[in-house]
Amino acid sequence: MNEHLATSVYLVEPTMLPLVIFQSVTTSLKHGLNSSSSPAFARLGLLLCGPFGKPHEGLEMAKAAELILERPGMRSSTSNTIFVTQTFCYHWTSPLQDTIAPLLKGYQAGLEIGDNESACYCLNSRSSHLFYVGRSLDSIQKELEAATHVLTQLKQDGTQVFIILLLTTVKKRRGLDAEACDDIMDSMLATAASTRAFDMAVYVNLMKLEVFVLLQEWEEALELVRKAGNVRLVLPSAFGAVRFTFLEALTYLKAAQS
């Protein structure tokens, strides 16, 4: 299915992602709608919201994707479509809190139809958004520990790594096993470098920057920002890119004041 092709292309050669999306949308318009159409329109919304800077037009594509889901025979794409629209589109025009319930619905829908991969993508996004909306660290830690167990059972190792990273960040912020948390993050960065997992490297740097800014370790934050480069190229439309931009601005502002 084209939605899985899009995910694979993003992980290997992200610059080709728009081509896959445009081809999928064009195919649907030319030959008619099928179960791959709703994720295709959702991903077009992703491009419009982030890289093209047109969030309101992107939101219209997200809504179009949801309308396609209501047609008969489209149930197999439910979880994947919800993952894309709620992770990459709606936060641009609505409170991030509003994505929490739909992502849980997407997770449950994925399990029901056997799309465990998309279900776990929804679970991962929901966990990240819970972190960003300011839920108590104690409650988030409990959810993340439960999520880690679920991902182990479903054998979703790739997604589990991101949950472990978030859990490590939460523990670091709570002052639990700080040195061990640093070792885990450094190990993840080393693995990302050796395997060319650029998405993992970006997320690790984002979490490290969260901690540096919270602890007001501005020199470390400035060094990280300079080395990380433009993460917005790697996190198209995700809230993480918005968050990094905010933390990056704080870091440079603090550097200018010193």
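Overview of the structure. Position numbers for residues start from 1 in each chain and track the written sequence from start to end. Local features in this predicted model are restricted to residues of pLDDT 70 or higher, and side-chain atom pairs are both shown and tallied only at a pLDDT of 80 or more, whereas totals for entire chains, interfaces and linings draw on every residue. In computing side-chain values, all of the structure's heavy atoms are included and hydrogens and water are not.

Let us now look at the overall build of the chain. Regarding its fold elements, the chain presents 13 helices and zero strands. All radius of gyration figures rest on C-alpha atoms, and the globule criterion is 2.2 Å times the number of residues raised to 0.38. A compact globule built from 258 residues should have a C-alpha radius of gyration of about 18 Å, and the chain, at 18 Å, falls within 12% of that. Considering only C-alpha atoms, the chain reaches an extent of 60 × 40 × 35 Å along its principal axes. Areas reported as accessible are Shrake-Rupley estimates using a 1.4 Å probe. Residue values count occlusion only from the protein chains shown. Accessible surface, the chain as shown: approximately 12700 Å² in total, 56% of it carbon and sulfur. Lys and Arg are tallied as positive, Asp and Glu as negative. Neither His nor the chain termini are counted. Every charge is mapped to an atom, namely NZ of Lys, CZ of Arg, CG of Asp or CD of Glu. Here the chain contributes 22 positively and 26 negatively charged side chains, and the mean placements of these two sets differ by 4 Å. Note on conventions: DSSP H or I runs of at least 4 residues are helices, E runs of at least 2 residues are strands, and numbering of each starts at the N terminus.

Let's shift gears to the state of the cysteines. Only a pair of cysteine sulfur atoms within 2.5 Å qualifies as a disulfide here. On inspection of all chains with the given rule, the structure shows zero disulfides. Take C120: it sits in no disulfide, and the sulfur closest to it among the cysteines is that of C122, at 9.2 Å.

Moving on, we come to helix 11 (residues 198–214). With 17 residues, helix 11 extends 25 Å between its outermost C-alpha atoms, agreeing within 8% with the 24 Å of an ideal straight helix rising 1.5 Å per residue. Partly exposed describes any residue whose relative accessible area lies between the buried limit of under 20% and the exposed limit of over 50%, with all areas from a 1.4 Å probe on protein chains only and scaled to the type maximum. The element helix 11 is extensively covered by neighbouring structure, given that 13 of its 17 residues are classed as buried. An expected span of 1.5 Å times one less than the residue number is assigned to each helix.

Pairing of aromatic rings covers Phe, Tyr and Trp, the last through its six-membered ring, and needs centres within 6.5 Å; plane angles under 30 degrees mean stacked, over 60 mean edge-to-face, and all others mean tilted. Taken as a whole and assessed by the stated rule, the structure comprises five aromatic pairs. Between F83 and Y121, the aromatic rings sit 5.1 Å apart at their centres with planes inclined by 35°, giving tilted as the arrangement. Note that F83 is positioned in helix 5 (residues 78–88) and Y121 in helix 7 (residues 116–132), a separation of 38 residues in sequence. Residues F83 and Y121 agree in their burial class; the two are buried. Through a chain of ring-to-ring contacts, three or more aromatic side chains come together here, namely F83, F88 and Y121.

Nine residue types can take part in a nonpolar core, namely buried Ala, Val, Leu, Ile, Met, Phe, Trp, Tyr and Cys, and a core is a set of them joined through side-chain atoms within 4.5 Å. Counting residues in each nonpolar core, the largest one holds 60 residues, and the members touching the most others are F131, Y132, L144, L165, M200, M207 and L209. Broken down by element, the residue count for this core peaks at eight residues, all from helix 11. Whether two residues touch is decided by their heavy atoms; if any such pair falls within 4.5 Å, the residues are in contact. For M200, the residues in contact, after removing those within four places along its chain, are V161, F162, L165, M188 and A192. Counting residues in hydrophobic clusters, the runner-up holds five residues, among them C49, L59, A62 and C89.

To continue, consider the pattern of salt bridges. A pairing counts as a salt bridge when a side-chain nitrogen of Lys or Arg comes within 4 Å of a carboxyl oxygen of Asp or Glu. Summed over all chains, the structure comprises nine salt bridges. Residue E112 is joined to R75 by a salt bridge in which the shortest nitrogen-to-oxygen separation is 3.7 Å. Taken together, the residues span a long stretch of sequence, with E112 in helix 6 (residues 100–113) and R75 in the loop between helix 4 (55–69) and helix 5 at a distance of 37 residues. Taken as a pair, E112 and R75 share a single burial class, namely exposed. The network of salt bridges with common partners includes D138, K142 and R174.

On to helix 7, then. Under the 1.5 Å per step criterion, the end-to-end length of helix 7 is 24 Å for 17 residues, consistent within 8% with the ideal 24 Å. For helix 7, the buried fraction is high: 14 of the 17 residues fall into the buried class. Phi turns positive, to about 95°, at G134, one or two residues after helix 7.

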